[in-house]
Amino acid sequence: MKSSFSTSTFQCLHRLRRFLAQGTAWIVVVGLLILGPLFAPPVAVAADTTGIWNLDDGAGHRLGGELYERSSIDSPAGLRLRLNVQSEGLKLDHDRPLVLSDGHVQGWSLANRSEELMDSADGAIPVGSSQFDAGCLDPIPSEGVPLQMWVASSAGDLSFALSPGQVQFLHSLTDACAN
């Protein structure tokens, strides 16, 4: 009698342990599904396709970029690319254009519109920001071809390789201008 009680108790405990192990596994799976998106890298890719950019030249120079539609009475309307310094001590040039190139045949020069950033109080342009006319690129960049961007700064000409999402975003904007 003692052995049958012990056997059924052990079987019951074994089933309970197996049930709890499966339940714990489900809790872990559900937890990963809920918390996974918080740590997923596709968020950065999504930011590239919205016109908010993070640029890093690999040499310690970082810029934040934003593409937006300019609509002001004081200056011509149109698409602008605003760059903001994210590296200490770096100053952007307010006179020279931004240059885009596919590294083969095509190149574009975006006019510097930093004067649109002028602070009306003292007439100074912020040293850490520059703004460029990002209207329709002509000719339209070839689809799928990487683009390189050069920005004049106090550290010389900075070179940034645009991500595929950034290139696709520029391509779609230019495509929309052509239609």
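It should be noted that the structure appears before, not after, this text.
Below: a short report on this structure. Residue numbers restart at each chain and count upward from 1, following the sequence in its written direction. Since the coordinates come from a predicted model, pLDDT governs what is reported: local features require at least 70, and pairs of side-chain atoms require 80 or more to be given and counted, while whole-chain, interface and lining totals use all residues. Side-chain measures were taken over the full set of non-hydrogen atoms in the model, leaving aside hydrogen atoms and water.

This brings us to the sheet that holds strand β1 (residues 52-56). Following DSSP output, two strands are said to pair if at least two bridges run between them. Each helix corresponds to a stretch of at least 4 residues labelled H or I by DSSP, and each strand to a stretch of at least 2 residues labelled E; elements are numbered beginning at the N terminus. The sheet built from four strands is open, its strands ordered β1-β2-β3-β6 with antiparallel pairing. Of all the strands in the sheet, the pair left with one neighbour each is β1 and β6 (129-133). Averaged over all neighbouring strand pairs, the angle between strand axes comes to 25°, with direction disregarded. Sheet topology places β1 next to strand β2 (residues 62-70); five bridges connect them, and they run antiparallel. Pairing of Ile52 across the sheet is with Glu66, part of β2. Note on geometry: axes are C-alpha line fits, over the in-contact stretch for helices, and angles between N-to-C directions span 0 to 180 degrees.

In this section: the environment of Leu79. Here Leu79 is to be found in strand β3 (residues 78-85). Between the alpha carbons of Leu79 and Tyr68 there is a distance of 5.6 Å; along the sequence they are 11 residues apart. The residues touching Leu79, leaving out its near neighbours within four places in the chain, are Leu67, Tyr68, Glu69, Phe132, Asp133, Ala134, Gly135 and Leu173. Contacts are assigned to residue pairs that have any heavy atoms within 4.5 Å of one another.

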